[in-house]
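# Fold and contact review
Each chain is listed here by its residues.
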Amino acid sequence: VQLQAYGGGLVEAGGSLRLSCAASGGTFSRYGMGWFRQAPGKEREFVAAIRSSGHTYYATSVKGRFTVSRDNAKNAAYLQMNSLKPDDTAVYYCAASSSLITSTVRDYQQYYYWGQGTVVTVSS
């Protein structure tokens, strides 16, 4: 599966962005999709995930502000980000896994396929 994330950019605090992740080369509906981010000097962290069943999961820091979704007909996953904060500044990656379960969705090592990342910068 090849993944391409896009939609990042520069936005003021309180603004919104919608990230997209386009998938190709596999049966998209069978994969769980995750979003991770990595800020400069920090480790990669889990942001959100949506399993093939449609169940969604969020990091505490983004719950209520971000929404993960998928469109299997378009082979795409999305991350709608509202009420953005400067702390949300990072490179955002989408990732896919064929074996996600509730206990593993937050573990980046469970994701086999990764997109190239898209930069989100939130100014104060």
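All of the points below concern the structure found in this document. Please read these numbers as outputs of a predicted model, since none were measured by experiment.

Evaluated as defined, the whole model comprises 1 disulfide. The partner cysteine of Cys-21 in its disulfide is Cys-94, sulfur to sulfur 2.1 Å. Disulfide Cys-21-Cys-94: the torsion about the S-S bond is 65 degrees, which places it as right-handed. Taken together, the positions of Cys-21 in strand β3 (residues 17–24) and Cys-94 in strand β9 (residues 90–97) put the pair 73 residues apart, joining distant regions of the chain. Exposure class is identical for Cys-21 and Cys-94. Each is buried.

Across the sheet, which stays open at both edges, the 4 strands sit in the order β1-β3-β8-β7 with antiparallel pairing between neighbours. The sheet is open, and its two edges are formed by β1 (2–6) and β7 (66–71), each paired on a single side. Each neighbouring strand pair of the sheet contributes to a mean axis angle of 15 degrees, computed without reference to strand direction.

Excluding glycine, residues mostly have negative phi values, and the peptide bonds linking residues are mostly trans. A positive phi is found at Asn-75, a non-glycine position, where the angle reads about 50 degrees. The topology assignment puts Asn-75 in the loop between β7 and β8 (76–81). On the basis of relative accessibility, which here comes to 29%, the residue Asn-75 falls in the partly exposed class. Positive phi is not limited to glycine here, since Ser-83 has a value of about 50 degrees. Mapping Ser-83 onto the fold places it in the loop between β8 and β9. In this structure Ser-83 comes out as partly exposed when scored by relative accessible area, which is 40%.

Moving on, we come to the side chain of Thr-118. Looking at where Thr-118 falls in the secondary structure, it is placed in strand β11 (residues 118–123). Judged by its relative accessible area of 10%, Thr-118 falls in the buried class. A polar contact of 3.0 Å, which involves the side chain of Thr-118, links it to the backbone nitrogen of Gly-8. Leaving out residues up to four positions away in the same chain, Thr-118 has contacts with Ala-5, Tyr-6, Gly-7, Gly-8, Leu-19, Ala-90, Val-91 and Tyr-92.

Conventions used here
Residue numbers restart at each chain and count upward from 1, following the sequence in its written direction. Local features in a predicted model are, by the rule used here, given only for residues with pLDDT of at least 70; side-chain atom pairs are given and counted only at 80 or more, and totals for whole chains, interfaces and linings are based on all residues. To get the side-chain values, all heavy atoms of the structure are used, and hydrogens and water are removed first. Our working definition of a disulfide is a cysteine sulfur pair at a distance within 2.5 Å. The helix count covers DSSP runs of H or I at least four residues long, the strand count covers runs of E at least two residues long, and both are numbered beginning at the N terminus. In this scheme, a residue with accessible area under 20% of its type's maximum is buried, one over 50% is exposed, and one in between is partly exposed, where area comes from a 1.4 Å probe on protein chains only. Should DSSP find at least two bridges between two strands, the strands are regarded as paired. Axis definition: a line fitted to C-alpha atoms, limited for helices to the stretch in contact. Angles are taken between N-to-C directions and run from 0 to 180 degrees. In the analysis that follows, any N or O atom pair within 3.5 Å is treated as a polar contact, provided that within protein one partner can donate a hydrogen and the other can accept it, and provided that, for residues neighboring in sequence, both atoms belong to side chains. Contact definition: two residues touch when any of their heavy atoms are within 4.5 Å.

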